[in-house]
Amino acid sequence: MSEVNVPKRKEKCENCTKQCNKKQSEDGADSHLEKEEVNGQFPEESPLLLSSCLSCDGCLSEEESLKISQQNLEELERVLALNKKCDVSKRRVLVASVCPQSLPFFAVKFGVDITEAAHKLCGFLKSLGVHFVLDSTLAAGFSILESQKEFVQRFRRRNQDSTALPMFTSSCPGWIRYSERVLGSLVTPHICTARSPQQIMGCLVKDFFSKQQKLSPEKVFHVLVAPCFDKKLEAVREEFYNGLLESRDVDCVLTSGEIYHLMEQRKVPVEELDSLPLDHVLGEAGDAALLRHEGRGSEGFLEHIFKHAAKELFGLEVQEITYKSLRNRDFQEVTLERDGETLLQFAAVYGFRNIQTLVHRMRKGRVPYQLVEVLSCPRGCLSGRGQAESDGGGRVDKALVQQMEDAYSSLPVRLPELNPVLQTLYRDWLQGHDSTHTHTLLHTHYSSQTHTQPPHMQW
């Protein structure tokens, strides 16, 4: 492997440090949050970003810095260059998986609809030397179905297990890292064990797709295009590395912005890009229609789990979900009632400030929810810093995010339960919905790592 230049350890984010230093004691943090709850809205200026908090030098080890430094365009170009030089038998097959929340970014930048954007992105990636380009919506479907099943199980044992509820979603790597590094055992037993769509896609590519193509996993170089930098942190987690094969489920995460920057570097006009259909995991021919899951620009875990639980636990069919904003549009709740009785109460909590409020309430024992969908980015995954920052950097381009939300909502919705490809994969790849393979490949575990937590980050 060529030498990797590891950037010098940067100083802690000044904004993060200032905020952290305000919270020298538990009481100080509580009183600060109480004040904000009384006053209502949080101020817009100088927002404290979860990504900033997690990227300070107190949280990244030297080993993690090295691994993350390899999650960049240079690593992709290194593999592509080696493929051109080496013997055919030593070449790696490049597979790119594209997150559904990245496609609206390219649609807006290209000035086309999402389907055409996906085709042009596929054409560009294959012009570089990528062999297969896949849509990771399929993996999100697996994650939703497994999360639904786990929530029902947790709900049914809630009276015997104090950590069964509330259940927190596990798809956001920023939230997961913050939970493990900062919150510890207060939260980690409550996190859903279903793997994120990214890591399920990693298993799908390295375990199933590679076999379909008659390749060993280490021969496959798996690139994932995502809206969020935190996905790079997730890809280098130890549980997603196979020591025997020396292979990661996801070898390299590139943000939408990094791919677009590469396009600009290559000076390829959008109108001259070939439009090629995406490839299929099962290898079938044809151009399948792009679909999305329910939700507001993310994968819609809350909505899918809410509707499934209403039917499975109470025999109620829920057609439409009504959100009630509490603090702002990024702290909302939904409720299922029957004859005046509250049966289910879920919440969607996006952004670091709202997460802090949630944690404060949990410490006080004031969380009435059975499930909380937690995302570190305000407005959800479409606002990931890997694609939603303004050209000047540092702030989210709200106009761009609104355009992406409009584009994303134009896609038709399909319930993962109704996806025949998922059912085929449960049968042929996982050997059934409740098999050992399903539990091993679609689930993981989270644990407290607060012993590594530096003093300036004690909340």
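Labelled according to an unreviewed UniProt entry, the chain appears under the name Iron hydrogenase small subunit domain-containing protein, originating from Champsocephalus esox. The Sequence similarities (unreviewed entry) comment attached to the chain in UniProt states, word for word, "Belongs to the NARF family."

A. Molecular detail of the sheet that holds strand β1 (residues 93–98). If you trace the 4 strands from one edge of the open sheet to the other, you get β2-β1-β4-β7, paired in parallel fashion. With one partner strand each, in any of the chains shown, β2 (132–135) and β7 (252–255) form the two edges of the open sheet. Within this sheet the neighbouring strands show an average axis-to-axis angle of 25 degrees, counted without direction. Pairing of β1 with strand β4 (residues 220–226) involves 6 bridges; the strand directions are parallel. Residue pairing across strands places Ser97 opposite Leu224, the latter belonging to β4. Helix α7 (residues 114–128) rests against β1 and β2 of the sheet, and its axis sits at about 150 degrees to β2. Those strands touched by helix α12 (residues 256–266) are β4 and β7, and its axis lies near 75 degrees from that of β7.

B. Structural detail: the side chain of Lys231. On the secondary structure map, Lys231 appears in helix α11 (residues 230–235). We note that Lys231 is buried and unpaired, the nearest opposite charge coming from Glu234 at a distance of 4.1 Å. Excluding its chain neighbours within four sequence positions, the residues that come into contact with Lys231 are Ser171, Pro173, Gln198, Ala226 and Val253.

C. Summary view of helix α5 (residues 73–85). Taking 1.5 Å of rise per residue, the 13 residues of α5 would be expected to cover 18 Å, and the 19 Å separating its terminal C-alpha atoms lies within 8% of that figure. One side-chain oxygen at the N-terminal end of α5 lies 3.2 Å from the backbone nitrogen of Glu74; it belongs to Asn72.

D. Spatial organisation of the pairing of strand β8 (residues 324–328). Sheet analysis places β8 next to strand β9 (residues 331–338), joined by 3 bridges and oriented antiparallel. Paired with Ser325 across the bridge in β9 is Gln332.

E. Just the nonpolar core, in detail. Membership of the largest hydrophobic core comes to 49 residues, with the highest contact counts inside it found for Phe151, Phe168, Trp175, Leu344 and Phe346. Of all the secondary structure elements, the ones that give two or more residues to this core are α8 (137–156), β3 (167–168), α9 (173–183), α13 (301–314), β9, β10 (341–350), α14 (352–363) and β11 (371–375). Ranked by the residues each element gives to this core, the list is headed by α13, at 8 residues. Residue contacts for Leu344: discarding those within four places in its chain leaves Phe151, Phe155, Phe306, Ala309, Ala310, Phe314, Val334, Thr335, Leu336 and Gln370. Ala107, Phe110, Ala118 and Met404 belong to the second-largest nonpolar core, a separate cluster that totals 42 residues.

F. Seen up close, the confidence of the model for the chain. Of the residues in the chain, 81% reach a pLDDT of 70 or more, and the chain-wide mean stands at 83. Predicted confidence for residues 451–459 stays below pLDDT 50, and this span has 27 contacts to residues more than four positions away or in other chains.

G. Focus on the sheet that holds β10. Ordered in space as β3-β11-β10-β9-β8, the 5 strands form an open sheet in which the pairing is mixed. The sheet is open, and its two borders are formed by β3 and β8, each paired with just one other strand. As paired strands, β3 and β11 are joined by 2 bridges and run parallel to one another. Note that in β11 the partner of Phe168 across the bridge is Val372. Where α13 meets the sheet, its contacts fall on β3, β9, β10 and β11, and the angle it forms with β10 comes to roughly 165 degrees.

Parameters at a glance
- Residues numbered from 1 in each chain as written.
- Predicted model: local features only at pLDDT ≥ 70, side-chain atom pairs only at ≥ 80, totals over all residues.
- Heavy atoms only, no water.
- UniProt positions renumbered as here; feature names shortened; annotations may be inferred.
- Pairing = 2+ DSSP bridges.
- Helix = DSSP H or I, 4+ residues; strand = E, 2+ residues; numbered from the N terminus.
- Axes fitted to C-alpha atoms, helices over the stretch in contact; angles between N-to-C directions.
- Contact = heavy atoms within 4.5 Å.
- Buried < 20%, exposed > 50% of the residue type's maximum accessible area, 1.4 Å probe, protein only.
- Lys, Arg positive; Asp, Glu negative; His and termini not counted.
- Salt bridge = Lys/Arg side-chain N within 4 Å of Asp/Glu carboxyl O.
- Expected span 1.5 Å × (residues − 1).
- Polar contact = N/O pair within 3.5 Å; in protein donor to acceptor, adjacent residues only side chain to side chain.
- Core = buried A, V, L, I, M, F, W, Y, C linked by side-chain atoms within 4.5 Å.
- pLDDT = per-residue confidence, 0-100.

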